[in-house]
Amino acid sequence: MKAEGNRQNEEGKKRSRFLFFLFPFSFFLLMGCAQQRHHARLDLFRVKDETPLKVVYCNDHTGHVPGSFPFVLGGTCCCTPSQELIDAYHRDGLLLDYDLSRLIQLYEGLGIQTARDHRDCNNQCSWGPHVLQGGKCMVPPTPGTQHYEEIITGRFRLPKPEPEDTKRR
Amino acid sequence: MPAQERNCREQMFSENEKTWAARKARVCRPGSLWPVACSLISFCLLAAGCAGGSGSRTAGRSAFWQHDYAAAQKLFAENQDRADRNYVLYNLEVGSAAFEGGDYHTARIAFERAAQVMRGYGGGTQGLVSLIANESAKLYKGDPYEQAMANFYDGLIYYRWGDWGNARAAFHQALMSDQASAEGHREDFAVAQFMIGKCYLKMDEPDNARISFEKARAKYPQNPYFSDDAINNHNVLMIIGLGRAPLKVPSGLAGSTDDYERGRYRETAANVFANGKPLGQASLAVDLLDQALTSGRSAKDTIQTIKGGIKTGLVAAGAQQLADGEGDKKLGSILLLAGLLMPAGADIRNWDLLPGEIHVLSAKLEPGSYTFRIDFLENSTTLLDYRQVWFHVPVKAEGETVLFFRSGREKANGNLPPPQSPKFGEAPM
């Protein structure tokens, strides 16, 4: 009986040790298996010089570039419709058959949001990305951001397409 | 199979069965804590390992520190609606990424969502649980300086939009949050005082403005941008965040309380140039480490210290019993184990995406389009890889132009992607 008891004690000790080591092991195993996502941005960094970039696509912040006409009509102007803008188009002999309400209707008809609808979204809103990038947002990007410079120069990354159901509201 | 071997196997099986039955009887006897303890430990470890959202938060941080704020915002937003104990943190993270990325619309909503919970009385049950479990079990509401910053950012956005009433309310809320600080540090959130003063000026309340400016000057008398001349004549205001948030570290008995250290960053000053001409050096308007260190102690610190004391006491008593030749080994083991397993760790969650310092600079500039260069310095040495150049930044003809910048290594990348020639209605290539 005593021998049996001793053997049971030994078994018990072994089992305790096993459990003692099993738990930390499981912990690290689970930690290792936890889904980890990493962000990778591949473009190299280069210190900017101060030579201003050429504005290719104008907007409210850069000011209208004379001679340009709306991007949605095949031009390079992404300015928010206003009477001043219509006057500028007309001065350049462009869009002579358009008035402000017709231009606004054009954007509304295409489902494009402008700074008349909302502001300061930097094209991250649910209508985004920017119209240049294939989106429905033509709110001028925020100056002093990388996105702003990419949009006005037409040198931008294309955002990954996002499924409709996961888009932010 | 030979009969002898079969008999041997049956015998072994029978013995194993007996041993297991005996073991099971011992382990599972009434009153034994082993099964409960093992289950609890397994559950906690499983929960820790499978904590949801950690993947997107890690990736969001990675994107944020690489200044890809749009990606960070999307990743952080995956958790934004999760109503758990970190709800406030999730929203602060979205707010930070959106603010730094120039999406002020989303940032304002996220900061307000966070601020509402920070101000509220919710999370009572989790608060009670945190008294006996880990402190981090409670609903995160942030330290006073973090609450102040959430409201401060909210105020900045309203101010930029020219909504002086809401801006002033948000800045006031920032000061209210700072009221929880230690005695003598309750009105030292100078940048909020400064902005309240500016709101009062816009609202044509010069007497109230003067009181706020005096409070801001009392904290930073050397700040040239807090002077009447600068306030009355300058039309460009820059708010520049430098460095990284204070680090929250465990301290005290068994790491039961928290303390703050300076976040690790190199930049200490920022020189600003407009179209190549120097505008001056931005001046310190709030040091968040200073704010964190003067947050004041609360009842939770006392409770945490007591928990730390009990934990240390249990471990010490258990060790003494085990070390003592005549001590009760069983009692010693129980005390030691209880001490080791007792959750007394401090809550070291913090809003780590904040800057370490906020500097301000104002200037009088003619309306037009400017190239702003910001040189960040480390002990008067320019850090070239921190230099930022921003093109075609407009200065308005009317009113004040408000700009926000944040330091960061390799932030303003001169390597733009290749030119695109998009056509409306065609998918960009």
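The rules behind these values
Residues numbered from 1 in each chain as written. Chains lettered and ligands numbered in written order. Predicted model: local features only at pLDDT ≥ 70, side-chain atom pairs only at ≥ 80, totals over all residues. Heavy atoms only, no water. Helix = DSSP H or I, 4+ residues; strand = E, 2+ residues; numbered from the N terminus. Buried < 20%, exposed > 50% of the residue type's maximum accessible area, 1.4 Å probe, protein only. Areas by Shrake-Rupley, 256 points an atom, 1.4 Å probe, with all protein chains shown as cover. 1 Å grid on protein atoms, 1.4 Å probe; cavity = no way out; pocket = protein on both sides within 12 Å on 5 of 7 lines; lining within 4 Å. Points joined across faces, edges and corners; volume = space filled by probe spheres on them. Nonpolar A, V, L, I, M, F, W, Y, C, P; charged D, E, K, R; others polar. Expected span 1.5 Å × (residues − 1). Core = buried A, V, L, I, M, F, W, Y, C linked by side-chain atoms within 4.5 Å. Contact = heavy atoms within 4.5 Å. Pairing = 2+ DSSP bridges.

A. Spotlight on the overall build of chain A. Regarding its fold elements, chain A presents four helices and zero strands. Split into buried and exposed, the 169 residues of chain A put 40% on the buried side. Of the roughly 9700 Å² of accessible surface on chain A, a fraction of 57% belongs to carbon and sulfur atoms.

B. Looking closely at empty space enclosed by the protein. Residues and elements named next belong to chain B. Tallied over the full model, the rule gives one cavity of 30 Å³ or more. Lining the largest cavity we find 13 residues, and of these F99, Y153, I239, G241 and F405 sit closest to its centre. Secondary structure elements with two or more residues in the lining of the largest cavity: α5 (87-100), α8 (144-160), β1 (236-242) and β11 (401-406). When its residues are assigned to classes, the lining of the largest cavity shows 10 nonpolar, one polar and two charged.

C. Helix α10 (residues 190-202) of chain B, seen in detail. Residues and elements named next belong to chain B. Over its 13 residues, α10 runs 19 Å from end to end, which matches the ideal 18 Å to within 8%, given 1.5 Å per residue. Along α10, 11 of the 13 residues are buried, which leaves the element largely enclosed by surrounding structure. Within the span of α10, buried status applies to A190, V191, A192, Q193, F194, M195, I196, G197, K198, C199 and Y200. D204 sits one or two positions beyond α10 and adopts a positive phi of about 60 degrees.

D. Structural context of the nonpolar core. Residues and elements named next belong to chain B. Judged by nonpolar contacts, the single largest core of 92 residues is most densely connected at F152, F189, W351 and F372. Considering every element that reaches this core, the biggest residue donor is α8, with 10 residues. Residues within four places of F152 in sequence aside, it is in contact with F171, A174, F189, V191, A192, M195 and I358.

E. Spatial organisation of the pairing of strand β5 (residues 277-281) of chain B. All names here are of chain B. Summarising the sheet, strand β4 (residues 269-274) and β5 pair through four bridges and their orientation is antiparallel. Bridge pairing links F273 to P278 in β5. In sequence, β4 turns back onto β5 through a hairpin of two residues, with N275 there showing a positive phi of about 50 degrees.

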